[in-house]
Amino acid sequence: MPPKKRNSGTAQIKEVKSAESVSPNKKECPELSFKKHRDKDAEFVTLCKSLHVTDLACDRAWELWKSVQESMDEIAESQRRVWAACLFVSGTDVNVASFTLTQVLKAVNLNVKQFVALVRKLDVNMDTISSKVNSALTRLEKKYDVLLALYQRFEKTCRKIFAMASENLERETMRSCWIMFLLAKGRALQMEDDLVISFQLLLCTLELFIKRCPPDLLQPLYKSAISKVQSPPTRTSRRSQSKAKSRPVEPEVDLQLLNTLCNENECNGEEVKNVYQTSFSAFLESLDLSRSPDFPQAKDLNQQYEDHYLNSRGIDGRLFFDGDETVLPSKVEILQEERTPKKNLADEEALVPPQTPIRAAMTSIHQLRGDLPSNGDQPSNNLVTYFKNCTVDPMQDVLKRLETVGQDFSRRFGEAVGPHCVVLGWQRFKLGVRLYYKIMEAMLKSEEKRLSVQNFSKLLNDATFHTSLLACALEVVMATYGESSWRTGGYNHVGAGNSVETHLCFPWILDVVHLHAFDFYKVIESFIKAEPTLSKDIVKHLETCENLIMERIAWRPGSPLFELLKQENGGGAADQVETAASISQPLQHNHTAADLYLSPVRPRRDLPPEAPATPTSQPLNQPAGQTPRLPKSNSLSLFYKKLYRLAYTRLQLLCSYLLSSHPELEPIIWTLFQHTLQHEYELMRDRHLDQLMMSAMYAICKVKSVDLRFKTIVTAYKNMANTNQETFKHVLIAEGHYDSIIVFYNQVFMQKLKTNILQYASTRPPTLSPIPQIPRSPYKFPNSPLRVPGSNNVYISPLKSSRMSPGIMTPRSKMLVSIGESFGLPNRFQKINQMVNSGDRSFKRSLDAGSAPKPLKRLRFDVDGQDEADSSKSGQDSLLILKLAEMSSTRNRMQEQKMKEDAESKE
């Protein structure tokens, strides 16, 4: 619950109010004149004047308001609130915003989430919100979510640190600590929405305040955790020290205290220590506090943060401490938090802690570190043996590559995250190297078992393979730390964000290691197969990376994909990219990294990696006398198979939104779409897969006289997952020229495919393309639950590592039983019996009532990456109990039959 407002909070509110009357650029913003804006509503001009809006922003906001007023059928919000949203949009667009987000929220009495939702509602014509505004909204929303999670953990941690000896002093100390953290975070991090590093900075700030806090304010755990060297000196000792010739230098960090904080918060102590010694120490030096034993002056901290907040024009983080309504979470979120079960029974320990963002991040990091080998960032003995078995030992090239990439990675990491974060970049890189070695060894063991060879010289001397594998390992590390999360649907368009690189989202890593996206895609599936302990979230993250590559990134200029397509279609390749007949065949997943990286040098699966490609390795059905054809590229073939399945899945979803009354159009649209991808692939150059999809849908509806406008298509498209407005607002028309999807259709798509499109209006249209078989997920997770044969609702799952607590593994369950592990207290079997019996009685009571039994909630295990919810069979869900009863009855009959046979044999 947010803290009650106290005297210190009231004082802060007064400071904020006074700040609201000050514009960040007041000197540059002349005051508005009512005479100059007499054509506008007087209340609107008054709002602009209170926010120190410039004349330009005022005029543009008023134009936007008139446009929105005409376009929206009804405006549920008050005019004043919509005006504020228009002012935010216009100020962001022209980059002359003279107010902070908090000032706007207070002016119209809205919280952050409500305001962001309101601004997004203005985009009624799909051209109201620019990419710049959309990116700013996304950053503000992410920053708010991070600040909220950090404050909730700060409040919870402080309750464990401080005793209630003096409530006023405790609140004053907490307030200074929170403001100092906000200031440290703002100065140390360019990427302020980095949850993990921000949380580590919070622990550093807490360490500083705890060791300088009077002992009577601390709980016993933290009072005893402070090292004797770190104990605050008394006034007498300070005087004596001042008289001494040389005062002993106070250590920068109390490791014992810091480790206590880290253990209590499930955080890696070594990482926090590095953050302290780099970013936090530099921050303290800037305030001249690194060697001072006293508390920093609250007034000075408050003023410095005030300046930072006004310059950033964002959210005033101090309001979290005051429990201000503009930053409070919604009532729904609070209720969900309170609904989380805390205990099972009174005599048992806490079983299900709330799965907060910070807890989830710490758990993921702990799991990643636990899965890595203990031999550090050096190859294992087995991997060294594989290197030595090669015709050419790749060891030196591997080490040299790691050194070069490590320097580039850490430098770019520091540039994006913060000026003192290069050391943290090296730390992430070393984790990635350990994962890189582990996956490589697993891949080679699998290949050795499959091919019965130990010399992998060609593969292990392939620089592209090593770079791809290393990049994938680093992407997994950054995703685990939350630093490669998806912003604006995962698409980073030119001109959509700031000029300064302040994110690490995919495909950032490809630019760092100078790797083509098409080469990176080759390793993803093999990587997942080789590491069965990857979490479901990480597997889905890599799958999303793969989709982004197929949708857009692999089609950028300079991609090797175009050269391969040129060879396949015009250079005498064995087959086309993908024959129509093969589209409907199930997707096979028996290829390996060697198949893809050495393709098309190795056209046959039965040849070992070292076998050279010869004319004798042509397909067996090659007619004699014909010119030898180039072998087909395994990597390109697999890419197109996956591309077709992704394309059809997205088209099928969009058709379900828009053409449910015209189901006959879906296969026709797909035929045009598939034809474009196969034969007119140049249309994909520097474009997005969905741009062709929407154009194909519009074209077929046009020739079939179905009224479907682009505005309607785009509106439905925005509701699909992982979409971005840039896809339909920023489409390549000609080199260097971009425009909307409508202009692209008229000037490019229609001109290129006009003859083909018109064929669908004739009496003899083209033959329909086969429909791809869509698997639930392209990956079979080794650790996913598997269905028990003959049962719809019973699954078995491999035993997971016991390092994960049951509460974290099963946040919705009351009890977890793992066969093969110690079960704990013996009375738990009795409790299971009680649970089963009580459930059985409730089932019987429902049957006795004469009504159909209420369907039991299905166990929603993740199978092949999706929840297997089948609403058509919901009435059969309750058959689980009947099946169990039938199994028990069958067992009893078998026992009776056996007893009868034994009795007869004795006679």
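Residues numbered from 1 in each chain as written. Predicted model: local features only at pLDDT ≥ 70, side-chain atom pairs only at ≥ 80, totals over all residues. Heavy atoms only, no water.

Caption draft 1: Broad picture of the nonpolar core. Among the nonpolar cores identified, the biggest contains 239 residues, and Ile509, Phe639 and Met697 are the most heavily contacted of them. Once residues lying within four places of it in the same chain are set aside, the contact partners of methionine 697 are Leu651, Leu654, Cys655, Leu658, Leu659, Ile669, Leu708 and Ile713. (Core = buried A, V, L, I, M, F, W, Y, C linked by side-chain atoms within 4.5 Å. Buried < 20%, exposed > 50% of the residue type's maximum accessible area, 1.4 Å probe, protein only. Contact = heavy atoms within 4.5 Å.)

Caption draft 2: Representation of the packing of aromatic side chains within the structure. Summed over the entire model, instances satisfying the criterion amount to 38 aromatic pairs. Pairing tyrosine 151 with phenylalanine 154 gives two aromatic rings, centres 6.0 Å apart and planes at 40°, and the pair type is tilted. In this pair, tyrosine 151 and phenylalanine 154 are both assigned in helix H7 (residues 131–161), three residues apart and thus about one turn of the helix distant. Residue classification places tyrosine 151 among the buried residues on the basis of a relative accessible area of 4%. Summarising the aromatic geometry, the rings of phenylalanine 710 and tyrosine 745 are spaced 5.8 Å apart at their centres and angled 70° between planes, so their arrangement reads as edge-to-face. With phenylalanine 710 in helix H32 (residues 710–717) and tyrosine 745 in helix H34 (residues 741–759), this pair connects stretches of sequence that are 35 residues apart. The exposure class assigned to phenylalanine 710 is buried, which follows from its relative accessible area of 6%. Through a chain of ring-to-ring contacts, three or more aromatic side chains come together here, namely Phe518, Tyr521, Trp555, Phe562, Phe639, Tyr640, Tyr644, Tyr648, Trp670 and Phe673. Directly above the aromatic system of tyrosine 481 lies the positively charged group of arginine 428, at a separation of 3.9 Å from the ring centroid. Seen from the ring of phenylalanine 562, arginine 685 lies directly overhead, with NZ or CZ sitting 3.8 Å from the centre. (Phe/Tyr/Trp six-rings, centres within 6.5 Å; stacked < 30°, edge-to-face > 60°. Helix = DSSP H or I, 4+ residues; strand = E, 2+ residues; numbered from the N terminus. Lys NZ or Arg CZ within 6 Å of the ring centre and 35° of its normal.)

Caption draft 3: Broad picture of helix H20 (residues 422–451). Along its 30 residues, H20 runs 43 Å from first to last C-alpha, staying within 8% of the 44 Å computed at 1.5 Å per residue. Downstream of H20 by a residue or two, serine 452 has a phi angle that is positive, lying close to 55°. (Expected span 1.5 Å × (residues − 1).)

Caption draft 4: Molecular detail of the environment of aspartate 41. Mapped onto the elements, aspartate 41 comes out in the loop between helix H1 (7–20) and helix H2 (42–50). Under the relative-accessibility criterion, aspartate 41 is labelled partly exposed at 30%. For the pair aspartate 41 and tryptophan 62, spaced 21 residues apart in sequence, the C-alpha to C-alpha distance is 9.1 Å. Not counting the four nearest positions on each side in its chain, aspartate 41 is found in contact with Trp62 and Trp83.

Caption draft 5: Focus on the environment of valine 731. Looking at where valine 731 falls in the secondary structure, it is placed in strand S1 (residues 731–734). When the C-alpha atoms of valine 731 and tyrosine 745 are compared, they prove to be 9.8 Å apart, with 14 residues separating the residues in sequence. When residues no more than four places from it in sequence are discounted, the contact partners of valine 731 are Arg687, Gln691, His737, Tyr738, Asp739, Ser740, Ile741 and Phe744.

Caption draft 6: Structural context of unusual backbone geometry. Backbone torsion omega between phenylalanine 506 and proline 507 reads 15°, so that peptide bond is classified as cis. Positive phi, normally seen in glycine, also occurs at histidine 514, with a value near 60°. Tracing the backbone through its elements, the reader meets histidine 514 in the loop between helix H23 (508–513) and helix H24 (517–530). Assessed through its relative accessible area of 67%, histidine 514 is described here as exposed. You will see that serine 705, though not glycine, has its phi angle at about 60°, which is positive. Following the sequence through the fold, serine 705 ends up in the loop between helix H31 (689–703) and H32.

Caption draft 7: Structural context of the packing of helix H3 (residues 55–71) against helix H4 (residues 79–94). Between H3 and H4, the shortest axis-to-axis distance is 8 Å and the interhelical angle comes to 125°. On the basis of the axis angle, H3 is oblique to H4. For the element pair H3 and H4, the recorded crossing hand is right-handed. Contacts between H3 and H4 involve Leu56, Ala57, Arg60, Ala61, Trp62, Leu64 and Trp65 from the first element and Gln79, Val82, Trp83, Cys86, Leu87, Val89, Ser90, Asp93 and Val94 from the second. Of the residues assigned to the contact of H3 with H4, the class counts are twelve nonpolar, two polar and two charged. (Axes fitted to C-alpha atoms, helices over the stretch in contact; angles between N-to-C directions. Parallel < 35°, antiparallel > 145°, perpendicular 65-115°, else oblique. Left-handed = near helix turned anticlockwise from the far one by under 90°. Nonpolar A, V, L, I, M, F, W, Y, C, P; charged D, E, K, R; others polar.)

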